[in-house]
Amino acid sequence: MSTLTKSSLQPIIPTAERLGDVQEYYFSTKLRELAQLQRDGHDVINLGIGSPDLPPAPEVISALARGAQDPAAHGYQPYTGRPELRQGFARWYQRYFGVDLDPEAEILPLIGSKEGIMHISMAYLNAGDEALVPNPGYPTYRSATELAGGVVRPYELSAEGGWLPDLASLEAQDLSRVRIMWVNYPHMPTGAVAPAGFFEELIAFARRKRILLVNDNPYAFILTETRQSLLAIPGAREVAIELSSLSKAQNLAGWRVGALAGAREYLNTVLRFKSNMDSGMFRPVQEAAVVALDLGQDWYDELNGHYRRRQVLAMRIMDALGCAYDPEQVGLFVWARCPTGQDGYAVSDAALYANDVFLTPGGIFGSAGREYVRISLCATETRLAEALARLSTAP
Ligand SMILES: Cc1ncc(COP(=O)(O)O)c(C=O)c1O
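Analysis parameters
- Residues numbered from 1 in each chain as written.
- Predicted model: local features only at pLDDT ≥ 70, side-chain atom pairs only at ≥ 80, totals over all residues.
- Heavy atoms only, no water.
- Pairing = 2+ DSSP bridges.
- Helix = DSSP H or I, 4+ residues; strand = E, 2+ residues; numbered from the N terminus.
- Axes fitted to C-alpha atoms, helices over the stretch in contact; angles between N-to-C directions.
- Contact = heavy atoms within 4.5 Å.
- Phe/Tyr/Trp six-rings, centres within 6.5 Å; stacked < 30°, edge-to-face > 60°.
- Buried < 20%, exposed > 50% of the residue type's maximum accessible area, 1.4 Å probe, protein only.
- Lys NZ or Arg CZ within 6 Å of the ring centre and 35° of its normal.
- Domains from an automatic or database assignment.
- Buried area = accessible area lost by both parts, 1.4 Å probe.
- Salt bridge = Lys/Arg side-chain N within 4 Å of Asp/Glu carboxyl O.
- Polar contact = N/O pair within 3.5 Å; in protein donor to acceptor, adjacent residues only side chain to side chain.
- Near = heavy atom within 4 Å.
- Areas by Shrake-Rupley, 256 points an atom, 1.4 Å probe, with all protein chains shown as cover.
- UniProt positions renumbered as here; feature names shortened; annotations may be inferred.
- Core = buried A, V, L, I, M, F, W, Y, C linked by side-chain atoms within 4.5 Å.

Draft legend 1. Representation of the sheet that holds strand E5 (residues 178-183) within the structure. Sheet architecture is open: 7 strands sit in the order E2-E8-E7-E6-E5-E3-E4, paired in mixed fashion. Two strands lie at the open edges of the sheet, namely strand E2 (107-110) and strand E4 (151-156), each paired on one side alone. The sheet shows a mean angle of 25 degrees between the axes of neighbouring strands, direction not considered. The pairing of strand E3 (residues 130-135) with E5 spans 3 bridges and is parallel. Its bridge partner lying in E5, Glu130 is registered against Val178. Contacts from helix H8 (residues 264-274) reach E2, strand E6 (212-216), strand E7 (240-245) and strand E8 (258-261), with the element oriented near 30 degrees to E2.

Draft legend 2. Region of interest: the sheet that holds strand E9 (residues 324-325). What the 5 strands build is an open sheet, ordered E1-E11-E12-E10-E9; its pairing is mixed. The open sheet has two edge strands, strand E1 (45-47) and E9, and neither has a second partner. Judged from the 2 bridges that link them, strand E11 (residues 357-361) and strand E12 (residues 372-376) form a sheet pairing that is antiparallel. Directly across from Thr360, in E12, lies its bridge partner Arg374. Its contacts with the sheet place helix H11 (residues 344-355) against E11 and E12, and it is angled at close to 170 degrees to E11.

Draft legend 3. Spotlight on the packing of aromatic side chains. Under the defined criterion, the tally for this structure stands at 21 aromatic pairs. When the ring of Tyr25 is compared with that of Phe27, the centres are 6.2 Å apart and the planes differ by 55 degrees; the resulting orientation is tilted. We classify Phe27 as buried; its relative accessible area is 4%. Here the aromatic rings of Tyr185 and Phe198 are separated by 5.6 Å at their centres, their planes lie at 75 degrees, and the arrangement is edge-to-face. With Tyr185 in the loop between E5 and helix H7 (198-209) and Phe198 in helix H7, this residue pair connects regions lying 13 residues apart in the sequence. Taken individually, Tyr185 and Phe198 each receive the classification buried, so the pair is uniform in this respect. Ring-pair connections join several aromatic residues into one group, and the members of that group are Phe89, Trp92, Tyr93, Tyr96, Phe97, Phe221 and Tyr300. A cation over a ring is seen here: Arg227 above Tyr300, with NZ or CZ 5.5 Å from the ring centre. Arg374 extends its terminal NZ or CZ atom over the ring of Phe333, reaching a point 3.6 Å from the ring centre.

Draft legend 4. Seen up close, the domain arrangement of the chain. Domain annotation for the chain reports domain 1 (23-52 + 298-392) and domain 2 (58-293). The C-alpha centroid of domain 2 is placed 25 Å from the C-alpha centroid of domain 1. Facing 27 residues of domain 1, the contacting portion of domain 2 comprises 35 residues. Of the roughly 2400 Å² buried between domain 1 and domain 2, counting both surfaces, carbon and sulfur atoms make up 59%. Summed over the three residues of domain 1 that lose the most area to domain 2, namely Tyr300, Val330 and Phe365, the buried surface amounts to 28% of that side. Connecting domain 1 to domain 2 are 1 salt bridge. A salt bridge links Glu160 to Arg337; the shortest N-O distance between them is 4.0 Å. Taken together, domain 1 and domain 2 are joined by 10 residue pairs in polar contact (both at pLDDT 80 or more). Elements that contribute at least two residues to the side of domain 1 that touches domain 2 include exactly helix H10 (297-320), strand E10 (333-337) and E12. Per-element tally for the side of domain 1 that touches domain 2: the top contributor is H10, with 7 residues.

Draft legend 5. Just the site of the ligand, in detail. Taken together, 14 residues form the shell around the ligand, and within it Asp216, Tyr219, Ser245, Ser247 and Arg256 come nearest. The separation between an oxygen atom of the ligand and a polar side-chain atom of Ser245 is 2.7 Å. Measuring from an oxygen atom of the ligand, one finds a side-chain N or O atom of Lys248 at 2.8 Å. Protein chains bury 91% of the 390 Å² of accessible surface belonging to the ligand in isolation.

Draft legend 6. Structural context of the UniProt feature "domain: Aminotransferase class I/classII large" (unreviewed entry) in the chain. Per the UniProt annotation, the sites labelled "domain: Aminotransferase class I/classII large" (unreviewed entry) are residues 43-391. In residues 43-391, the share of helix is 38% and the share of strand is 16%. The end C-alpha atoms are 14 Å apart.

Draft legend 7. Geometry of the nonpolar core. If you look at the biggest cluster of nonpolar residues, it comprises 129 residues, and the most contacted ones within it are Leu47, Met181 and Trp182. Broken down by element, the residue count for this core peaks at 9 residues, all from H10. Summarising the domain contributions, this core has at least three residues from each of domain 1 (23-52 + 298-392) and domain 2 (58-293). Contact partners of Leu47, with chain neighbours within four places excluded, come to Ile317, Val357, Phe358, Leu359, Thr360, Arg374, Ile375, Ser376, Ala379, Leu384 and Ala387.

Draft legend 8. Seen up close, unusual backbone geometry. Across the junction of Asn135 and Pro136, the peptide omega takes the value 5 degrees, indicating a cis bond. Secondary-structure assignment places Pro136 in the loop between E3 and helix H5 (139-147). Going from Met188 to Pro189, the amide bond is cis rather than trans, its omega being 15 degrees. Examined against the element boundaries, Pro189 turns out to sit in the loop between E5 and H7. Phi at Arg210 takes a positive value of approximately 55 degrees, unusual for a residue other than glycine. Tracing the chain through its elements places Arg210 in the loop between H7 and E6.

Right, here's the structure in full:
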């Protein structure tokens with residue numbers, strides 16, 4: 001399918017109203033444009049999407065290959081994932097986050113955490129119910145809310161506020177229609193971390209306001225040693241659930257493995273929706289995911305060695321563009337403010353059309369990101385250095 005191809009066909013039925021203003025995902029369109037530029041002979045350096053280019057651990061790939069050889073491996077799988085996968089997530093939560101979870105009831109494996117955002121929205125939002133969504137933030141919180149018939153209530157984040165929600169100002173508002181609050185620390189796209197005590201405040205706020213907190217936590221391991229889980233806070237389980245992903249820190253983005261963790265009452269509700277959507281995850285993928293979950297600290301140390309070197313280059317690219325950034329930021333990206341008066345879309349377009357370097361404009365993450373651009377660290381040092389050379393000689 002391509003929206004680049006002109007077509008005169010008139011669909012014989014109208015589009016569902018549910019789609020409302022929801023558009024095709026930004027990267028779905030943009031990657032098509034980049035592919036067209038490549039076909040036209042441009043050597044585009046894609047520093048956009050956070051899709052790890054480094055391979056998974058060899059033992060993870062071996063487990064997948066071994067599993068696929070088994071003639072019994074190809075059938076439908078349990079809707080709640082295989083027990084060994086849930087046990088693997090429980091061990092991983094215990095080892096890296098110090099959180100005890102019951103693998104029978106408190107972990108629901110997902111086909112990537114993105115689908116979990118939709119499932120949670122479908123399971124908990126009635127038409128007109130509101131969801132607090134970070135601005136800037138991962139665009140899927142917004143679209144999933146709208147697709148589920150809910151209403152997006154953005155909460156503004158700013159560099160001055162440490163990219164944290166202003167809970168006092170939220171508290172003073174009428175939040176009676178709010179059901180869900182999406183939070184995501186380490187935060188994408190800004191790379192901000194939750195300071196000590198912030199999760200406790202968040203839990204207390206959610207309890208007072210009777211709001212379900214969902215922490216989306218795919219960047220817990222990248223360029224940070226302080227791994228944080230909202231579920232580690234005493235009493236969190238009553239008001240909070242958490243999404244994890246093996247896409248980023250285990251280099252398994254295309255495999256689609258994640259999990260939802262929290263109290264069984266919440267997970268069972270989500271399962272009522274999800275079990276009507278898919279029929280489980282390919283067994284060898286689950287078996288290999290267990291191996292990935294059991295990877296030790298040395299795996300994360302080596303991975304972060306790559307990202308640290310790449311981060312230095314990405315920050316030098318931001319310097320060359322005259323963009324300002326927080327050197328302490330974590331996660332898979334570098335987020336920076338454009339030179340005064342410049343908009344992120346303009347900076348991104350200039351880099352793409354003049355230098356064949358693609359950077360994500362911050363505006364796709366919400367209006368509060370308009371003056372920013374984001375560089376993904378999912379490119380080799382050679383490509384990052386090449387991008388730096390191209391942009392340094394730019395007029
Ligand atoms: C904040 C955030 N949440 C969720 C996801 C989706 O991850 P997954 O591959 O597990 O669906 C991403 C991916 O870019 C992300 O940045």
